[in-house]
Every structure is written in C-alpha cells, then in structure tokens.
Amino acid sequence: MTNTPQNAPGQEQNASDYAHHASFMPKLGNDVVALLAPQPGERILDLGCSDGSLTERLVQQGADVLGVDASEDMVNAARKRGINARVVDGHQLPFDHEFDAVFSNAALHWMLDPQAVLAGVKRALKPGGRFVAEFGGHGNLAAVCTALTAALQFRGISVRGRHPWYFPTTTEYSQLLETVGFKVESIELIPRPTQLPMGMMGWLEKFASPFLHGLDEDLREAVLENTLTLLGHSLRDEHGNWTADYVRLRVAARA
C-alpha cells in the first residue's frame, strides 16, 4: 500500500519483491475464495488485489472482477496478468452500488481507518450484496510485534506511529460492520502458523519495514538481528525453519 494519512510510513509495496517473498500468500486464500463462492457473471470488487494472483482465480470462475490496490506497482503487475485493475486507496473507494460482492484477502490489516474502509465497501455494494474477507486478526503476529517492539525500545526508540497493522477482535469488527449497515453472517479468528520460505529475515524486510522507517542502516540491521534472536526461541525449529504466528480473521457479511 502507498503511504496515506491512514497508513503507517514505509509500507510501500513492490510487485517483484512480493512475488519473491510472499508467493505463499495467495495459496492461503483457498478457503476465503470458497466462502465467497463467486458465480459466473457476478460483478466483484477485489479490494487490495496486490499482483492479481488471487483475483485471477475469481476471473477463472466466470466473475467480472475489478481489482483495486493503493500500489501502482501492484496494479501494473495485476494488469500484466490480464486483470482489470485500478489504483485506488481503500479508504476512499469511489464506487456507488455497483458490485454483487466485495472480496479482500490479506489486505485490510494494512488499512488503519477501518470504518472509512467499510463505509466505502458498503456503498460499493448493490442492496443485498455480500462482503467476504480474510486478514490479520487479534493475536496475529503477537510474537513478531513484541520482539520488534522490544528491540526498538532497548535502543530508546518508541514504537508509536511505527506499528503498521490493524488486528481487530471479532467483537470489535462485528460492531464496526453493524455500524455501517452490514449484517454479519459469519466471523471467526483462525490460528494459522505459516512456514516462511524466505525465512524470518526476508519476511521482516518485506513486511515489517514500517517499524524500521527512518533508521540508519546500522541501527536497522541491529534491530533486525535482535528481533531474530528474540524470535528464534519460539518461531524457529531445530532445522532452522521459520514459522510466522499468523491469526486470521475471516468474515462474511451482507449489505
């Protein structure tokens, strides 16, 4: 996502880096695509489409899909797949009762004003349209966030303004959905420990850069090394393989 007032600094996404470091992310989207159950001819908005790898599956099932992402680089990558995609900030969706469904996978936790996002989602849907999403929920990356915070605070650096994610409880998110006019059909937190093919350092460099925003290179490297040391006790196995402590919030709601 690009840096807007609702996003933490330093979280710009690069499509080639994403393809290299995060190819596992779309593969984890099978269940939420099944929950969406796209139908041929349906008009669907994919909110936070990234490089379009999951959007492509919706198209293959016969849906008429528009992908939107705040990153121009990601949108260009999606277009190269043949996806109809546009650069749009998720906090400022410009659509008016156009879609049968809004879908989002692994993106909403980057958008730090969720009520603005959900109001735009509700407005984008036709009456009775559905919203199906999965993203980081309460407890997601608890060990990672704690280790990063400790490594920064050890050096007297406040984490204030650096934490880039929104990880709500089911109660909090249900209340937000109801506030903007949705009826919640299902919502749950799903623990999903996920092996990291690029290792923890690669993951941190790709996804946790807002914690390190503005630090000089030596300080950045020291914080990362301390973070790895702290995490090694709980997230690295005896063979040196790393696992991320993901917890996903999966939701289906109807306008």
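Reading guide: rules and limits
Residues numbered from 1 in each chain as written. Predicted model: local features only at pLDDT ≥ 70, side-chain atom pairs only at ≥ 80, totals over all residues. Heavy atoms only, no water. Pairing = 2+ DSSP bridges. Helix = DSSP H or I, 4+ residues; strand = E, 2+ residues; numbered from the N terminus. Axes fitted to C-alpha atoms, helices over the stretch in contact; angles between N-to-C directions. Contact = heavy atoms within 4.5 Å. Buried < 20%, exposed > 50% of the residue type's maximum accessible area, 1.4 Å probe, protein only. Right-handed = clockwise from strand over helix to strand, strands pointing away. Salt bridge = Lys/Arg side-chain N within 4 Å of Asp/Glu carboxyl O. Parallel < 35°, antiparallel > 145°, perpendicular 65-115°, else oblique. Left-handed = near helix turned anticlockwise from the far one by under 90°. Arc of directions from axis to C-beta. Expected span 1.5 Å × (residues − 1). Polar contact = N/O pair within 3.5 Å; in protein donor to acceptor, adjacent residues only side chain to side chain.

So, on to the sheet that holds strand β5 (residues 125-136). The strands making up a sheet associate through backbone hydrogen bonding, with each pair oriented either parallel or antiparallel. The seven strands lie next to each other as β3-β2-β1-β4-β5-β7-β6, forming an open sheet whose pairing is mixed. The open sheet has two edge strands with one neighbour each: β3 (85-87) and β6 (183-195). The mean angle between the axes of side-by-side strands here comes to 15 degrees, regardless of whether they run parallel or antiparallel. In this structure, β6 lies alongside strand β7 (residues 243-254), joined through 12 bridges in antiparallel fashion. Bridge pairing in β7 places Leu189 opposite Leu249. Across the face of the sheet, helix α8 (residues 170-179) comes into contact with β5, β6 and β7 while running at roughly 140 degrees to β6.

Two faces belong to every sheet, and in a regular strand the side chains alternate between them. Counting buried positions along β5 gives nine out of 12 residues, so the element sits mostly inside the fold. Summarising the sheet, strand β4 (residues 99-105) and β5 pair through six bridges and their orientation is parallel. Residue pairing across strands places Phe99 opposite Leu125, the latter belonging to β5. This β-α-β element, β4 to helix α6 (residues 114-124) to β5, shows right-handed connectivity. With seven bridges joining them, β5 and β7 adopt antiparallel strand pairing. Note on β7: the bridge partner recorded for Val132 is Ala252.

The next point concerns the pattern of salt bridges. Note that side chains of opposite charge can pair when their charged atoms are close. Scanning the model with the defined rule gives nine salt bridges in all. The residue Lys126 makes a salt bridge to Asp100 at a minimum N-O spacing of 3.3 Å. In this pair, Lys126 sits in strand β5 while Asp100 sits in strand β4, placing the two residues 26 residues apart along the sequence. Note on Asp100: relative accessible area 22%, which makes it partly exposed.

Two numbers describe a pair of packed helices, the interaxial angle and the distance between the axes. One way to put it is that helix α9 (residues 199-207) packs onto helix α10 (residues 217-235) with a least axis distance of 10 Å and a crossing angle of 130 degrees. What the angle tells us is that α9 and α10 run oblique. In this structure, α9 crosses over α10, and the sense of that crossing is right-handed. Judged by residue contacts, Met200, Met201, Leu204 and Glu205 of α9 engage Arg220, Leu224, Glu225, Thr227, Leu228, Leu231 and Leu235 from α10.

Here the focus is α8. The set of residues buried in α8 consists of Tyr173, Ser174, Leu176 and Leu177. One side of α8 holds all its buried residues, which, seen down the axis, span an arc of 160 degrees. Looking at the packing, one finds that the buried side of α8 touches α6, β5, β6 and β7.

Moving on, we come to α10. Relative to the 27 Å expected for 19 residues at 1.5 Å per residue, α10 spans 25 Å between its end C-alpha atoms, a close match to the ideal helical length. Where α10 is concerned, the buried positions are Arg220, Val223, Leu224, Thr227, Leu228, Leu231, Gly232 and Leu235. Where the residues of α10 are buried, they touch α7 (142-153), α9 and β7. Where α10 begins, the capping side chain belongs to Asp216, and its oxygen is found 3.2 Å from the backbone nitrogen of Asp218.

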